[in-house]
Amino acid sequence: MYVSDKPNYLFIWHILDSLREEVRLLVDVPNGTKDNPGTTCKELQLCQPHLTDGFYYIDPNQGSPVDSLLVFCNFTGGGKTCLSPVQDQVPVRQWLKNYSTENSFEWLSTLDQGFQFEYSGASVVQLRFLRLSSTFATQNIIYSCYPNAYSNTAQGQTEKDIKFLTDTMGQSYLGTLKECLPEEEGVVVTQETIFQFATEDIHLLPLRDLAVFHIGNEKQEFGFTIGQVCFS
């Protein structure tokens, strides 16, 4: 703290500024701004009950607000903290054409123009601390497809399996997709299936990848909408 026999005032002022900032963070009521984030949306709701649903900053690790992340706060749902995917649309296309073989699962991220699901600002550290403040997690994924003339129903195949990779990267959910068929002769409309995930094992979410089982009909066009993952 001293340079030769004189006080190092620059160093002293630096320490005082740091202490002042730490005290401010302890005393100021969080309001969801970048400089004054909450720990979770639930904390923001308790401190600022007048706030409406929308995007706010939180800092689950309660350190410097520099790494705070922008999330959607669902206050009407009880103060859920929702992380948005960086890319929420898997475009509708003939994904099965990229498979190396039929009768197999292949992760979307291994296909041409495919990708794993990332979430805005959700670093490993921030996710770990967010989970420490949560007991429940939910997420939806919507499957969209266009009927075509190459349906497998003629061969009696009306369903196919789909896997969703969890955040553990070692476990997956297994689901079933119904064959996409015209509702009326000559009428082509987009058909959707919603997959809803809700768990107390909060380490399983968010989802990171998916794989559709290839049973033929590689000309089938389909895509997905990746929903927010919400912690409460």
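The structure we're discussing is the one just above.
This text gives an overview of the structure that appears in the document.

Conventions used here
- Residues numbered from 1 in each chain as written.
- Predicted model: local features only at pLDDT ≥ 70, side-chain atom pairs only at ≥ 80, totals over all residues.
- Heavy atoms only, no water.
- Helix = DSSP H or I, 4+ residues; strand = E, 2+ residues; numbered from the N terminus.
- Buried < 20%, exposed > 50% of the residue type's maximum accessible area, 1.4 Å probe, protein only.
- Contact = heavy atoms within 4.5 Å.
- Areas by Shrake-Rupley, 256 points an atom, 1.4 Å probe, with all protein chains shown as cover.
- Core = buried A, V, L, I, M, F, W, Y, C linked by side-chain atoms within 4.5 Å.
- 1 Å grid on protein atoms, 1.4 Å probe; cavity = no way out; pocket = protein on both sides within 12 Å on 5 of 7 lines; lining within 4 Å.
- Points joined across faces, edges and corners; volume = space filled by probe spheres on them.
- Nonpolar A, V, L, I, M, F, W, Y, C, P; charged D, E, K, R; others polar.
- Polar contact = N/O pair within 3.5 Å; in protein donor to acceptor, adjacent residues only side chain to side chain.
- Phe/Tyr/Trp six-rings, centres within 6.5 Å; stacked < 30°, edge-to-face > 60°.
- Lys NZ or Arg CZ within 6 Å of the ring centre and 35° of its normal.
- Disulfide = S-S within 2.5 Å.

### A word on the overall build of the protein
When helices and strands are counted, the protein shows three helices and 12 strands. For the protein, buried positions account for 41% of its 232 residues. Taking the contacts inside the protein whose residues are at least 6 apart along the sequence as the reference set, 69% of them involve residues at least 24 apart. For the protein, the exposed surface amounts to about 12,800 Å²; the carbon and sulfur share of it is 54%.

### Some remarks on the nonpolar core
Buried together is how nonpolar side chains tend to be arranged in soluble globular proteins. Core analysis: the largest hydrophobic core is formed by 42 residues, its most contacted members being Leu-83, Val-90, Phe-117, Phe-164, Phe-222, Phe-224 and Phe-231. Take this core: its biggest share by element is five residues, from strand S12 (residues 221–231). Once residues within four sequence positions are removed from consideration, Phe-117 is found in contact with Val-90, Leu-108, Leu-207, Arg-208, Asp-209, Leu-210 and Ile-226.

### Overview of empty space enclosed by the protein
Tallied over the entire structure, the rule returns one cavity of 30 Å³ or more. Volume-wise, the largest cavity comes out at about 50 Å³. Around the largest cavity, the lining residues are Trp-95, Tyr-99, Glu-106, Leu-108, Leu-111, Leu-210, Ala-211, Val-212 and Phe-222. When residues in the lining of the largest cavity are grouped by element, the largest group, three residues, is from strand S11 (residues 209–212). Taken together, the residues of the lining of the largest cavity sort by class into eight nonpolar, no polar and one charged.

### A short note on the side chain of Asn-217
The residue Asn-217 is located in the loop between S11 and S12 in this model. Among the polar contacts listed, one links the side chain of Asn-217 to the side chain of Glu-179, at a separation of 3.1 Å.

### Things to note about the packing of aromatic side chains
Under the definition given, this model contains 10 aromatic pairs. Ring geometry for Phe-115 against Phe-117: centres 6.0 Å apart, planes inclined by 70°, an arrangement best described as edge-to-face. The pair formed by Phe-115 and Phe-117 is uniform in burial state, with each residue classed as buried. Members of the aromatic cluster, connected to one another through ring pairs, are Phe-164, Tyr-173, Phe-195 and Phe-197. Taking NZ or CZ as reference, Arg-93 lies 4.5 Å from the ring centre of Trp-95, over its face. Positioned over the ring face of Phe-105 is Lys-163, at 4.6 Å from the centre of the ring.

### With respect to the state of the cysteines
Scanning the model with the defined rule gives three disulfides in all. Two residues, Cys-41 and Cys-73, share a disulfide whose sulfurs are 2.0 Å apart. Residues Cys-41 and Cys-73 share a disulfide whose torsion about the S-S bond is about -75°; that sign makes it left-handed. In this pair, Cys-41 sits in helix H2 (residues 41–47) while Cys-73 sits in strand S4 (residues 69–74), placing the two residues 32 residues apart along the sequence. The class for Cys-41 is buried, based on a relative accessible area of 0%. Given the relative accessible area of 0%, Cys-73 is considered buried. Between the sulfur of Cys-82 and that of Cys-230 lies a disulfide, 2.0 Å long from S to S. Taking the sign of the S-S torsion, about 110° here, the bridge from Cys-82 to Cys-230 comes out right-handed.

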